[in-house]
Amino acid sequence: MSDSPSPAAAGPESAAAERLAPGDPRLSFDGIAGWERGGGGRAGLPLRMPVDRLATAMSANFSRLARTTAGVRFAVRTDASELELEVENDPGGSPLDVRVDGVLAHRWTGGSGRHRIAFPLPGAGGGPAEVEVWLPHLSITRIAAVTLRGHRQLLAPERTGRRLLVHGSSLTHCMYAAGPSESWPALVAAGRGWRLRNLGFAGEAYLDPLVARTIRDAPADLITLELGINAYIRGAFTARSWGPAVCGFLDTIRDGHPHTPVVVLTPLSSPERERAVNSAGLTLEDTRSLTAEAVRVLQRLGDRALHLLDGSAIAPVTDAERLYADGLHPTAAGEYVLADRIGAELANIPPAPEPTPGTGGNTPGTGGNTPAAERA
């Protein structure tokens, strides 16, 4: 199937046309841990986390969400006049964004199935531009090929910014964002030249050991963990079990990131839930308080790179009506508000100190004991 948002200008006869496989190094993919290669003629799936141990979460929904392409993108620096994508979307979905020199140039809202989409680009008139394609963040999107036409230059852009890894619920997966490049994590990262890895899982942020190990092994210079809302809504933890589970989750991450700054964001406000008692006997206020106390316990035990961010200050009850679409999830405009507020806090977090030779510890940007597949 062929979809074209608008006609693409033809390049000069002498210019190149190249069809690139997804693994071509000039397609500078970011926000991924590796690839799930397609079988039976299917396109390849860029993975934001390893999938070999997904069965240990014992959740078919989590296994599906782990394969969605939230935060996954690739970029090229080129003077091409046309970009063509061959993609395959599973049902569900959200838009695909194309940004040129940081500005949203195209948003494609096609549905499930196989598609071939052509996007016009500036071409050689203004010199090479950085073209970045953000895959749909709510669907499983496979890529068969990327074709560029009318170009004389085609390079992988440099990616040198601070690595921001975010984890959380649907509030981090960003269900109501206008597009994948306009979620609050994407906006925070883009605004500061950081490199995003999004491990948000809508309705599935339960402190899974698998997720803790994934974060432990992933390269990161700054880690943000939005914790508590799923546990509260489902009554998954009691007052006795939630705090220790938070501490254990953080301890596992520290095994691979002993000095990396970690920010715990407690639940954002939700007016109807603040004092409503869940099936485990907790209110949302209780969950927020227990999360904060778990952070303070670890801080008292000597973790100086662990930081606490109060979700009720980031999104106060008094702001709920203008921030939320449904009393819980931010609207598209609300994503920008969260990006401004959370981004300002994260920008003030100092980086990890450079390790002293011979003392061990993780080097910023490597994540400590990082497997080769993650370092690639």
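Here, every reference points to the structure presented above.
K.L.:
Could you give an account of the overall build of the protein chain, with specific residues and numbers?
P.N.:
A count of helical and extended segments in the protein chain gives 11 helices and 18 strands. A buried classification covers 56% of the 376 residues belonging to the protein chain. Expressed as a percentage of contacts within the protein chain between residues at least 6 apart in sequence, the contacts between residues at least 24 apart total 79%. Carbon and sulfur atoms make up 51% of the accessible area of the protein chain, which totals about 15,300 Å².

K.L.:
So, the packing of aromatic side chains: which residues are in play, and what are the values?
P.N.:
Within the structure shown, the criterion is met by 4 aromatic pairs. Between the aromatic rings of Phe62 and Phe201, the centroid separation amounts to 4.9 Å while the plane-to-plane angle is 55 degrees, which identifies the pairing as tilted. Remark: Phe201 occurs in the loop between β15 (195–200) and α4 (209–217) and Phe62 occurs in helix α1 (residues 60–66); sequence separation between them is 139 residues. Between Phe237 and Trp242, the ring centres sit 5.0 Å apart and the planes meet at 65 degrees, which makes this aromatic pair edge-to-face. Grouping residues by exposure puts Phe237 and Trp242 together as buried. These aromatic residues form a ring-pair network of at least three members: Phe29, Trp35 and Phe74. Sitting over the face of the ring of Trp134, Arg73 holds its NZ or CZ atom 5.0 Å from the ring centroid. A cation sits over an aromatic face here: Arg162 above Trp194, 5.5 Å from the ring centre.

K.L.:
Report on the side chain of Glu132, specifying residues and quantitative values.
P.N.:
Among the secondary structure elements, Glu132 is positioned in strand β11 (residues 129–134). A polar contact is formed between the side chain of Glu132 and the side chain of Arg159, at a distance of 3.3 Å. With sequence-adjacent residues up to four places away left out, Glu132 is seen in contact with Arg73, Phe74, Ala75, Asp97, Val98, Arg99 and Arg159.

K.L.:
Residue-level account of the pairing of strand β6 (residues 73–78), with values.
P.N.:
Buried residues dominate β6, accounting for 5 of its 6 residues. The pairing of strand β3 (residues 28–30) with β6 spans 3 bridges and is classified as antiparallel. Opposite Ser28, over in β6, you have Ala75 as the bridge partner. Across 6 bridges, the pairing between β6 and β11 is antiparallel.

K.L.:
So what's going on with the sheet that holds strand β16 (residues 222–226)? Residues and values would help.
P.N.:
Taken together, the 5 strands give an open sheet; going across it, the order is β15-β14-β16-β17-β18, and neighbouring strands pair in parallel fashion. What marks the edges here is a single partner per strand, and that holds for β15 and β18 (306–309). Across the sheet, the mean angle separating the axes of adjacent strands is 15 degrees when strand polarity is ignored. Relative to β15, strand β14 (residues 163–168) runs parallel, the two sharing 6 bridges. The partner of Leu165 across the bridge, within β15, is Arg197.

K.L.:
Report on helix α7 (residues 284–300), specifying residues and quantitative values.
P.N.:
The terminal C-alpha atoms of α7, which comprises 17 residues, lie 24 Å apart, in line with the 24 Å expected from a rise of 1.5 Å per residue. Along α7, the positions that sit buried rather than exposed are Leu284, Thr287, Arg288, Thr291, Ala292, Ala294, Val295 and Leu298. Along the axis of α7, the buried residues cluster in a sector spanning 150 degrees; they form a single face. For α7, the elements touching its buried residues are α5 (229–234), α6 (242–256), β17 (262–265), β18 and α8 (311–314). By the N-cap criterion, in which a side-chain oxygen at the helix start approaches the backbone nitrogen of a residue two or three places on, α7 is capped by Thr283, the distance to Glu285 being 3.4 Å.

K.L.:
Explain the environment of Ser312 residue by residue, including any values.
P.N.:
As for its position among the elements, Ser312 is in helix α8. Taking the C-alpha atoms as reference, Ser312 lies 9.2 Å from Glu285; in sequence the two are 27 residues apart. Ignoring sequence-local partners within four residues, the contact set of Ser312 consists of Pro267, Ser269 and Arg288.

K.L.:
Give me the lowdown on the pattern of salt bridges, citing residues and values where you can.
P.N.:
Under the defined criterion, the tally for this structure stands at 25 salt bridges. The residue Arg73 makes a salt bridge to Asp30 at a minimum N-O spacing of 3.1 Å. Of the two residues, Arg73 is situated in strand β6 and Asp30 in strand β3; the sequence distance between them amounts to 43 residues. Residue Arg73 shares its accessibility class with Asp30, and that shared class is buried. In this structure, the salt-bridge partner of Arg67 is Glu36, at a minimum N-O distance of 3.1 Å. Highlighted residues: Arg67 in the loop between α1 and β6 and Glu36 in strand β4 (residues 34–36), separated in sequence by 31 residues. Each member of the salt-bridge network shares a partner with another, and the members are Arg19, Glu82, Glu84, Glu86, Arg116 and Arg149.

Each value, and the rule that gives it
Residue numbering note: each chain is counted from 1, following its sequence as written. Confidence filtering applies because this is a predicted model: local features only for residues at pLDDT of at least 70, side-chain atom pairs given and counted only at 80 or more, and all residues used for totals across whole chains, interfaces and linings. Note that water and hydrogens are dropped before the side-chain values are worked out from all heavy atoms of the structure. Helix and strand definitions here come from DSSP, where helices need a minimum of 4 consecutive H or I residues and strands a minimum of 2 consecutive E residues; each element is numbered from the N-terminal end. Partly exposed describes any residue whose relative accessible area lies between the buried limit of under 20% and the exposed limit of over 50%, with all areas from a 1.4 Å probe on protein chains only and scaled to the type maximum. The criterion used for residue contact is that any of the two residues' heavy atoms lie within 4.5 Å. Computed with a 1.4 Å probe, the accessible areas rest on the Shrake-Rupley method; for each residue, only the protein chains presented here act as cover. Under the pairing criterion, centres of Phe, Tyr and Trp rings, with the six-membered ring standing for Trp, must be within 6.5 Å; the plane angle then separates stacked pairs below 30 degrees from edge-to-face pairs above 60, leaving the rest tilted. Only Lys NZ and Arg CZ are tested; either one counts as a charge over a ring when it is within 6 Å of the ring centre and within 35 degrees of the ring normal. Polar contacts, as used here, are pairs of N or O atoms within 3.5 Å; protein pairs need one atom able to donate a hydrogen and one able to accept it. Residues neighboring in sequence count only if both atoms are side-chain atoms. One bridge is not enough; two strands pair if DSSP finds at least two bridges between them. Lines fitted to C-alpha atoms define the axes here, with helix axes fitted over just the stretch in contact, and angles between the N-to-C directions of these axes take values from 0 to 180 degrees. To estimate the expected span of a helix, subtract one from its residue number and multiply by 1.5 Å. Directions pointing from the helix axis toward each C-beta atom define the arc. Every case where a carboxyl oxygen of Asp or Glu lies within 4 Å of a side-chain nitrogen of Lys or Arg is listed as a salt bridge.

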